[in-house]
Amino acid sequence: MKQKGFTLIELIVVIVILGILAATALPKFVDLGGDARRASLASLEGSMRAANSMVYSKASVNGTLGVAGTPANTDLGNGVTVQTEYGFANSATELAKAMDLSATAYTVAAGAIQIKGAPTVANCQVAYAKATAAAPASYTQTNNGSGC
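The rules behind the values
Residues numbered from 1 in each chain as written. Predicted model: local features only at pLDDT ≥ 70, side-chain atom pairs only at ≥ 80, totals over all residues. Heavy atoms only, no water. Helix = DSSP H or I, 4+ residues; strand = E, 2+ residues; numbered from the N terminus. Buried < 20%, exposed > 50% of the residue type's maximum accessible area, 1.4 Å probe, protein only. Salt bridge = Lys/Arg side-chain N within 4 Å of Asp/Glu carboxyl O. Pairing = 2+ DSSP bridges.

A.B. asks: What's the story with unusual backbone geometry in this structure? I'm lost.
C.D. replies: The phi angle of most residues is negative, glycine excepted, and most peptide bonds adopt the trans form. Positive phi outside glycine occurs at Y86, with the angle close to 60°. You can see Y86 is positioned in the loop between β2 (80-85) and β3 (88-89). Notably, A110 is not glycine yet its phi reads approximately 50°, a positive angle. Mapped onto the elements of the fold, A110 is located in the loop between β4 (106-109) and β5 (112-115). Since its relative accessible area comes to 84%, A110 is described here as exposed.

This is the structure we're talking about:
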């Protein structure tokens, strides 16, 4: 009497082949780049806050806080000087100097620091609003789904 069916070895080989096919095809269907850019955006905001805290500390120690319309030059060391108003960097460009950002990964435009690899860089940025007499500097993430 002849039995019909597959042996255990044949079934394991088929499962292994299907696993290899799934592993090679999965990256084509799943976009992990957007998740990575959104995580980088959160990290960028944290870096901006930390760098601006350092700028404020240096401005306080040096007595170069500055006021609106009359920014002061605060020396951060290593040849980096940042214009400050009320102790904080007075623009995103000035803050970027303190952060020493990679030009290949980030760009500074229109009062924000943007992630270059995004499909629409304006949809993947952290906007910077300088300090006023009544409020410290503020940061606003723009994270528009598929554009980031």
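Right, picking up where we left off after that structure.
A.B. asks: What's the story with the pattern of salt bridges in this structure? I'm lost.
C.D. replies: Taken as a whole and judged by the stated rule, the model has four salt bridges. Its salt-bridge partner being D35, residue R38 comes within 2.9 Å of it at the nearest N-O pair. Of this pair, R38 and D35 are both found in helix α2 (residues 33-62), three residues apart, which corresponds to roughly one turn of the helix. According to the relative accessible area criterion, D35 is partly exposed, its value standing at 44%. Here K130 ties to E85 by a salt bridge, and the two come within 3.4 Å at their closest N and O atoms. Placement of K130 in the loop between β6 (124-129) and β7 (138-143) and of E85 in strand β2 is noted, with a sequence separation of 45 residues between them. For K130, a relative accessible area of 40% gives the class partly exposed.

A.B. asks: What is the right way to read the pairing of β5 from this model?
C.D. replies: Residues in a regular strand project their side chains so that they alternate between the two faces of the sheet. Of the two faces of β5, both are covered, the one formed by A112 and Q114 as well as the one formed by I113 and I115. Sheet analysis places β4 next to β5, joined by four bridges and oriented antiparallel. For V108, the partnering residue across the bridge sits in β5 and is I113. Hairpin connection from β4 to β5: two residues lie between these consecutive antiparallel strands, with A110 at a positive phi of about 50°. The sheet contact formed by β5 and β6 spans three bridges and is antiparallel. What sits directly across from A112, in β6, is A127.

In short, the description is geometric, and any link to function would need to be established separately.
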